[in-house]
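One-letter residues, chain by chain:
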Amino acid sequence: MTSGFQDSAVPEEPLLILEYGEAYRNLTEVKMSHVVLPCHANQCNELSIGQLLKWMDTTACLAAEKHAGSPCITASVDDIHFEHTISVGQVVNIITKVNRAFNSSMEVGILVSCEDLYSGSTWRVCKAFATFVARPTDSGKVRPYKLLLLMDSCSGNME
């Protein structure tokens with residue numbers, strides 16, 4: 001991890017404009033922001049990685065549950081490479097959305113960026129992909145997922 005305010009451009013995902021001029025956004029997208037407080041920090045006044053992972057999992061789970069329409073469980077998280085540290089007083093922005101849905105699982109893309117409110121700098125911290133599955137119902141069966149529209153899967157890539 002490196003510290004500093006290098007401006008690694010954080011891509012602000014554009015809306016997809018349909019033929020007839022209507023703007024489209026992935027319906028499973030969830031955005032969450034947190035101010036880093038001293039209680040979230042380690043002894044170096046930087047955000048604890050465990051706290052960041054918790055926020056990432058919570059936000060991704062909300063996107064999965066929004067898509068599945070039922071409670072979901074984290075099955076796995078792919079490699080995460082942290083590019084920068086986050087200090088107390090900075091704002092963490094997390095964007096998640098369902099990229100793909102299968103018979104019993106779904107892939108959720110996670111993009112984490114950081115913002116310094118005083119300097120106006122924004123930079124990417126990390127990106128990851130998580131797999132979620134829906135919890136079985138009382139009858140022991142998993143409710144089938146709604147299929148994503150073609151446009152959902154096209155706009156679902158996290159860069």
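Residues numbered from 1 in each chain as written. Predicted model: local features only at pLDDT ≥ 70, side-chain atom pairs only at ≥ 80, totals over all residues. Heavy atoms only, no water.

1. Here we look at the sheet that holds strand β6 (residues 106–115)
The strand order across the open sheet formed by five strands is β3-β5-β6-β7-β4, and the pairing between neighbours is antiparallel. In this open sheet, the two strands that pair with only one neighbour each are β3 (30–35) and β4 (72–77). For this sheet, the mean angle separating the axes of adjacent strands, direction not counted, is 30°. As judged from the five bridges shared by β4 and strand β7 (residues 122–134), these two strands associate in the antiparallel manner. Considered in β7, the bridge of Ile73 is made with Val133. On the sheet, helix α1 (residues 49–68) packs against β3, β4, β5 (91–101), β6 and β7 and is oriented at approximately 40° with respect to β5. (Pairing = 2+ DSSP bridges. Helix = DSSP H or I, 4+ residues; strand = E, 2+ residues; numbered from the N terminus. Axes fitted to C-alpha atoms, helices over the stretch in contact; angles between N-to-C directions. Contact = heavy atoms within 4.5 Å.)

2. With respect to the environment of Val112
Turning to its location among the elements, Val112 is positioned in strand β6. Residue Val112 is classed as buried on the basis of its relative accessible area of 0%. Through-space distance from the C-alpha of Val112 to that of Leu52 is 9.2 Å; in sequence the pair is 60 residues apart. Among all residues touching Val112, those that are not within four sequence positions of it are Leu52, Met56, Val92, Asn93, Ile94, Arg124, Val125 and Cys126. (Buried < 20%, exposed > 50% of the residue type's maximum accessible area, 1.4 Å probe, protein only.)

3. Looking at unusual backbone geometry
With phi around 60°, Asn45 is a residue other than glycine that occupies positive phi space. Looking at the secondary structure, you find Asn45 in the loop between β3 and α1.

4. Concerning the side chain of Thr59
With respect to the helices and strands, Thr59 occurs in helix α1. Judged by its relative accessible area of 0%, Thr59 falls in the buried class.

5. Observations concerning the confidence of the model for the chain
Summary statistics for the chain give a mean pLDDT of 81 and a share of 70% for residues scoring 70 or more. Averaged pLDDT values for the elements of the chain fall to 42 in helix α2 (residues 150–155) and rise to 96 in β3. Across residues 1–11, where pLDDT falls below 50, the model places 28 contacts with residues more than four positions away in sequence or in other chains. Counting contacts from residues 149–156, a segment whose pLDDT is below 50, to residues more than four positions away or on other chains yields 14 contacts. (pLDDT = per-residue confidence, 0-100.)

6. Thoughts on the pairing of β3
Put simply, side chains in a regular strand alternate between the two faces of the sheet. Alternating residues of β3 divide into Val30, Met32 and His34, all buried, and Lys31, Ser33 and Val35, none buried. When β3 meets β5, the two strands line up antiparallel, connected through six bridges. The residue of β5 that forms the bridge with Val35 is Val91.

7. Concerning α1
For α1, which comprises 20 residues, the first-to-last C-alpha distance of 28 Å matches the rise-based estimate of 28 Å (1.5 Å per residue) to within 8%. Restricting attention to buried positions, one finds in α1 the residues Gln51, Leu52, Trp55, Met56, Thr59, Ala60, Cys61, Ala63, Ala64, His67 and Ala68. The secondary structure elements touched by the buried residues of α1 are β3, β4, β5, β6 and β7. Phi for Gly69, located one or two positions after α1, is positive at around 75°. (Expected span 1.5 Å × (residues − 1).)

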